[in-house]
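# Close look at the chain arrangement
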Amino acid sequence: MSMSELMNDGDNASAPPPFPPPQAGKGGEGVPGIRLTEEQLRARRSRSIAIAVSLGLLVLLFYIVTLVKGPGVLERPL
Amino acid sequence: MSVTFAQAELPSGVDPSIAPSIAGARDYLELMKPRVMSLVVFTALVGLVLAPGHVHPVIGLAALICIAVGAGAAGALNMWYDADIDARMERTAGRPIPAGRLRRGEVLAFGLMLACFSVCVLGLLVNVVAAALLALTIAFYVVVYTMWLKRSTPQNIVIGGAAGALPPIIGWASVTGGVSLEPVVLFLIIFMWTPPHFWALALYRAEDYARAGVPMLPVVAGERATRRQILLYTLILAPLGVVPWFLGYAGAAYGIAALVTGAIMVALAFRIRAEKHGYTASKQMFAFSILYLFLLFAVLLADRVSGGLFGHFAA
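Values in this document were obtained by computation on a predicted structure and should not be read as measured data.

Time to look at the overall build of chain A. From N to C terminus, chain A includes two helices and one strand. The helix and strand sequence of chain A, counted from the amino end, reads α-β-α. Per-residue burial over chain A gives 4% buried out of 78 residues.

Counting its secondary structure elements, chain B contains 15 helices and one strand. Here the C-alpha radius of gyration of chain B, 21 Å, is about what a compact globule of 315 residues would show, namely 20 Å. Per-residue burial for chain B yields a buried fraction of 48% across its 315 residues. Taking contacts inside chain B between residues at least 6 apart in sequence as the whole, the part at least 24 apart equals 72%.

Below, the discussion takes up helix H7 (residues 156–165) of chain B. Residues and elements named next belong to chain B. For H7, the tally of buried residues reaches seven of 10 residues, placing the bulk of the element in the interior. For H7, the full list of buried residues reads Asn156, Ile157, Gly160, Gly161, Ala163, Gly164 and Ala165. In this structure, the buried side of H7 is in contact with helix H6 (128–149) and helix H9 (181–204).

Attention now moves to the domain arrangement of chain B. Residue and element names in this part refer to chain B. Each assigned domain of chain B is listed with its residue range as follows: domain 1 (26–179) and domain 2 (180–315). A straight line from the C-alpha centre of domain 1 to that of domain 2 covers 21 Å. Taken together, the contact pairs 28 residues of domain 1 with 27 residues of domain 2. Listed by contribution, the elements that provide at least two residues to the side of domain 1 that touches domain 2 are helix H2 (34–50), helix H4 (83–88), H7 and helix H8 (167–176). When residues in the side of domain 1 that touches domain 2 are grouped by element, the largest group, seven residues, is from H2. Grouping the amino acids of the side of domain 1 that touches domain 2 by side-chain chemistry returns 17 nonpolar, six polar and five charged.

Let's shift gears to the environment of B:Met192. Residue and element names in this part refer to chain B. Its place among the elements puts methionine 192 in helix H9. Linking methionine 192 and isoleucine 236, residues 44 residues apart in sequence, is a C-alpha distance of 7.3 Å. In this structure methionine 192 touches Tyr233, Ile236, Leu237 and Leu240, once residues within four positions along its chain are discounted.

What follows is about unusual backbone geometry. Residue and element names in this part refer to chain B. Positive phi, normally seen in glycine, also occurs at lysine 33, with a value near 45°. Residue position: lysine 33 is located in the loop between helix H1 (25–31) and H2. Residue classification places lysine 33 among the partly exposed positions, given that 19 C-beta atoms sit within 10 Å.

Bringing the confidence of the model for chain B into the picture now. Low pLDDT means the predicted atomic positions in that stretch should not be read closely. Residue and element names in this part refer to chain B. When the pLDDT values of chain B are averaged, the result is 90; 91% of them are 70 or greater. For residues 1–8, every residue scores under 50 in pLDDT, and the model assigns this stretch 23 contacts once sequence neighbours within four places are set aside. Across residues 311–315, confidence stays below pLDDT 50; counting only partners more than four residues off in sequence or on other chains, it has nine contacts.

What follows deals with the packing of helix H3 (residues 57–81) of chain B against H8(B). In a packed pair of helices, the relevant descriptors are the angle between the two axes and the axis-to-axis distance. Residues and elements named next belong to chain B. It is at 10 Å that the axes of H3 and H8 come closest, and there the two elements cross at 150°. On the basis of the axis angle, H3 is roughly antiparallel to H8. Every pair of crossing elements has a handedness; the one defined by H3 and H8 is right-handed. Contacts from Gly60, Ala63 and Ile67 in H3 reach Pro167, Ile170, Gly171 and Ser174 in H8. Residue composition of the contact of H3 with H8, grouped by class: four nonpolar, three polar and no charged.

On to the packing of H2(B) against H8(B), then. Residue and element names in this part refer to chain B. Relative to each other, H2 and H8 sit at 40°, their axes nearing to 7 Å. As summarised for this structure, H2 and H8 are arranged oblique, according to the angle between their axes. Relative to H8, H2 is oriented so that their crossing is right-handed. In this structure, H2 uses Val40, Thr43, Ala44, Leu45, Val46, Gly47, Leu48 and Leu50 to contact H8, whose residues at the interface are Pro167, Pro168, Ile169, Ile170, Gly171, Trp172, Ser174 and Val175. Partitioned by chemical class, the residues of the contact of H2 with H8 number 12 nonpolar, four polar and no charged.

Further remarks concern the environment of B:Val214. All names here are of chain B. Here valine 214 is to be found in the loop between helix H10 (206–212) and helix H11 (217–220). Distance from valine 214 to alanine 25, taken between C-alpha atoms, is 30 Å for residues 189 residues apart in sequence. Ignoring any residue separated from it by four or fewer positions in sequence, one finds valine 214 in contact with Ile85, Lys150, Arg151 and Tyr209.

It is worth spelling out the nonpolar core at this point. Burial of nonpolar side chains together is a common tendency in soluble globular proteins. All names here are of chain B. Within the largest apolar cluster, 98 residues are counted, with the highest numbers of intra-cluster contacts made by Ala63, Ala76, Leu122 and Leu134. A total of 15 residues in this core trace back to one element, the largest contributor, which is H3. Residue assignment places this core across two domains, with domain 1 (26–179) and domain 2 (180–315) each supplying three or more. Leave out the neighbours within four places in its chain, and leucine 122 touches Ala63, Cys66, Ala130, Ala131 and Leu134.

Let us now look at the environment of B:Trp148. All names here are of chain B. For tryptophan 148, the position within the fold is in helix H6. What makes tryptophan 148 partly exposed here is the crowd of 14 C-beta atoms within 10 Å. Along the sequence, tryptophan 148 and serine 282 sit 134 residues apart, while their C-alpha atoms lie 27 Å from each other.

Criteria and thresholds
- Residues numbered from 1 in each chain as written.
- Chains lettered and ligands numbered in written order.
- Predicted model: local features only at pLDDT ≥ 70, side-chain atom pairs only at ≥ 80, totals over all residues.
- Helix = DSSP H or I, 4+ residues; strand = E, 2+ residues; numbered from the N terminus.
- Buried ≥ 20, exposed ≤ 12 C-beta atoms within 10 Å, placed from the backbone.
- Rg over C-alpha atoms; globule rule 2.2 N^0.38 Å.
- Contact = placed C-beta atoms within 7 Å.
- Domains from an automatic or database assignment.
- Nonpolar A, V, L, I, M, F, W, Y, C, P; charged D, E, K, R; others polar.
- pLDDT = per-residue confidence, 0-100.
- Axes fitted to C-alpha atoms, helices over the stretch in contact; angles between N-to-C directions.
- Parallel < 35°, antiparallel > 145°, perpendicular 65-115°, else oblique.
- Left-handed = near helix turned anticlockwise from the far one by under 90°.
- Core = buried A, V, L, I, M, F, W, Y, C linked by C-beta atoms within 7 Å.

As structure tokens, this is what we get:
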């Protein structure tokens with residue numbers, strides 16, 4: 001369906017609005033516009049997990065390095 | 001009303017650049033060239049362990065992680081710039097950009113982010129000299145090798161090899177905060193190892209490089225000249241490999257390993273030089289050169305970790 005068809009509500013006042021309120025679900029179901037395929041969903045999940053793991057490891061690294069360097073880590077000149 | 005944006009099923013008039021990505025974490029890992037990264041980390045580890053003085057293991061680990069990520073950034077930026085070449089070469093056509101799983105802009109952003117991040121973190125957690133060397137390595141690989149030399153001269157991998165040879169110096173600088181002769185020798189070993197290693201590969205992949213328009217030595221100067229150059233560089237490399245023993249920062253076990261493996265490298269180079277048909281010797285040289293470099297650095301590492309036990313034992 002084209003955008004003009006979506007936008008065309010004509011004279012029918014009882015017709016549903018062209019863009020219903022977003023009700024995002026997995027993969028964007030209920031949201032007009034984009035619905036992800038299974039492959040895209042898998043890829044997004046894979047990327048999300050990788051980002052979460054990377055950030056977690058980074059926080060852990062900074063935490064441990066701070067412990068190792070001790071109070072000196074706070075004495076860095078600005 | 002919703003629309004499925006599969007990569008191949010975009011409605012007419014829709015900009016393909018807004019299609020959701022199908023790239024998974026594995027594709028981003030592939031951008032970082034994990035095999036190259038492992039060699040970089042290994043040689044940096046040897047530089048770090050050989051360096052005099054003490055570094056806390058956590059700080060050493062942080063340095064290695066930063067060096068690994070920096071190498072990954074360089075790999076990603078290389079794939080960003082060379083996407084056109086990669087698409088024309090059989091060996092690289094399956095990489096994320098030519099395969100259509102990632103767009104160039106995404107890869108550029110990923111590479112730049114990792115490069116900035118790795119250099120900054122190395123500077124903050126370890127020291128500024130190591131961070132500056134890492135920045136130099138990334139810039140040299142991306143700008144000097146990838147953007148300039150690779151497409152313009154058959155000496156591309158000779159000069160560009162400096163980027164791959166720098167990690168032991170970064171490892172050393174992570175401990176000492178400076179650079180001295182010992183890591184420079186390690187740098188020179190990798191630097192002289194690079195041409196015979198890559199030219200051995202290029203000999204039997206020449207058609208692939210020619211199709212992509214990359215002026216590798218066999219494409220530009222022919223096989224005979226390449227075989228002669230492989231021999232020349234190997235004749236310099238083999239004695240250079242023994243230098244750490246002469247300088248006294250490697251034990252006798254290292255010296256013997258360097259002599260034996262260096263002799264095999266030279267023998268293979270002579271076989272390549274003599275080979276008139278086929279690429280059996282080239283393939284053997286390519287495979288053995290990886291083992292050669294790994295063995296040299298592994299024995300150096302084992303020698304230092306064992307507290308010179310190898311040296312005393314052999315003596």
